[in-house]
Amino acid sequence: MVIAKRQTVTVCSDHEAAVRGRRISAMRTFLPHPSSAAGNDVFACIDCIRTRHISKLAAPWPRQQELPRDTTQVPSAEDAVLAVSHAWRCQGHPDPAGEEAKVITELIEQATKKLQPKGETLMFYDQLSLSQRPFQAGQSERSEEEERKFGAALAAMPFFYLLADAVLHISNQGPSVRLPGEGDLVQA
């Protein structure tokens, strides 16, 4: 007894083969990153920041609401996603003096060299990735829609950290710069 597998062979022109090749290549590019499993439509509430734009941001880093749209990207399977874990030094901003930004930039470079992504290196950093409350005069409060997205993002964050390619843990041992009003005794 001979068991044969049925095989289908498609004959096509060089042009058709080239078009199919582009389609297959495009499909590879749009395969989602594993972090997309962090929640339903997670990238509607969490922005991944293109790390090549980090050096262009002035300190203190802005809120997500003030970032140029070309700073963010939905990650594909070819991208490396880094999640930054850190303490917030102040209630209004995690790094008001910009000291943590320098450390993060160095760690991004190290992680990118180690991971060697085929695509881009993207970063989750809460100040830049989630809508934030105002920390400077003239900034508006979060809208109802931003509040809703913020809540959805908080629910997805544990899974997002789990599914990132690397987590950068920043130890805040205290800044070398004292901020105005820091450590002052306030009587109620």
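Cut-offs used in this document
Residues numbered from 1 in each chain as written. Predicted model: local features only at pLDDT ≥ 70, side-chain atom pairs only at ≥ 80, totals over all residues. Heavy atoms only, no water. Helix = DSSP H or I, 4+ residues; strand = E, 2+ residues; numbered from the N terminus. Expected span 1.5 Å × (residues − 1). Buried < 20%, exposed > 50% of the residue type's maximum accessible area, 1.4 Å probe, protein only. Arc of directions from axis to C-beta. Contact = heavy atoms within 4.5 Å. Salt bridge = Lys/Arg side-chain N within 4 Å of Asp/Glu carboxyl O. Phe/Tyr/Trp six-rings, centres within 6.5 Å; stacked < 30°, edge-to-face > 60°. Lys NZ or Arg CZ within 6 Å of the ring centre and 35° of its normal. Pairing = 2+ DSSP bridges. Right-handed = clockwise from strand over helix to strand, strands pointing away.

Trainee: I'm lost on helix α2 (residues 99-115) in this one. Help?
Mentor: The periodicity of an α-helix, 3.6 residues per turn, causes residues three or four positions apart to be oriented the same way. Spanning 17 residues, α2 covers 25 Å between terminal C-alpha atoms, matching the ideal 24 Å at 1.5 Å per step. Taken together, the buried positions of α2 are Glu 100, Ala 101, Ile 104, Ile 108 and Ala 111. Summarising the axial view, the buried residues of α2 lie within an arc of 90 degrees, below the 170-degree limit, and thus occupy one face. Turned more than 90 degrees from where α2 packs its buried face, Lys 102, Gln 110, Lys 113 and Lys 114 sit exposed. For α2, the elements touching its buried residues are β2 (80-85), β3 (121-124) and β4 (166-169). Just downstream of α2, Gln 116 is the residue with a positive phi angle, here 45 degrees.

Trainee: Even after reading the chapter, I still don't get the pattern of salt bridges, so can you show me in this structure?
Mentor: Opposite charge on two side chains permits them to pair, given that their charged atoms come into close proximity. This model, assessed by the stated rule, comprises six salt bridges. Ionic pairing is found between Arg 63 and Glu 66, a salt bridge with its closest N-O pair at 2.8 Å. The class of Arg 63 is buried, set by a relative accessible area of 2%. The salt bridge partner of Arg 142 is Glu 147, with a shortest N-O separation of 3.3 Å. Taking relative accessible area as the criterion, Arg 142 reaches 10% and is therefore assigned buried. Salt bridges sharing partners connect three or more residues here, namely Arg 50, Arg 52 and Glu 120.

Trainee: Would you mind showing me how to read the packing of aromatic side chains here?
Mentor: The geometry of two aromatic rings is summed up by the distance between their centres and the angle between their planes. Taken as a whole and judged by the stated rule, the model has four aromatic pairs. Measuring from centroid to centroid gives 5.6 Å for Phe 124 and Tyr 161, while their planes differ by 85 degrees, and the two rings are edge-to-face. Linking Phe 124 in strand β3 with Tyr 161 in helix α4 (residues 144-163), this pair joins segments that are 37 residues apart in sequence. Aromatic rings pair up to connect Phe 43, Phe 124, Phe 160 and Tyr 161 into one cluster. We note Arg 142 situated over the ring of Phe 150; from NZ or CZ to the ring centre the distance is 3.9 Å.

Trainee: Would you explain the side chain of Arg 142 in this entry?
Mentor: Within the secondary structure, Arg 142 is located in the loop between α3 (126-129) and α4. Contact partners of Arg 142, with chain neighbours within four places excluded, come to Gln 65, Ser 131, Gln 132, Arg 133, Glu 147 and Phe 150.

Trainee: Quick question: what am I supposed to make of the pairing of β2 here?
Mentor: A regular strand carries its side chains on alternate faces of the sheet. In terms of burial, β2 is a largely internal element, five of the six residues being buried. Here β2 pairs with β3 via four bridges, running parallel. Paired with Leu 82 across the two strands is Met 123, which belongs to β3. With respect to chirality, the unit in which β2 leads through α2 into the neighbouring parallel β3 is right-handed. In terms of strand pairing, β2 meets β4 through four bridges, oriented parallel. By the bridge assignment for β4, Leu 82 is matched with Ala 166.

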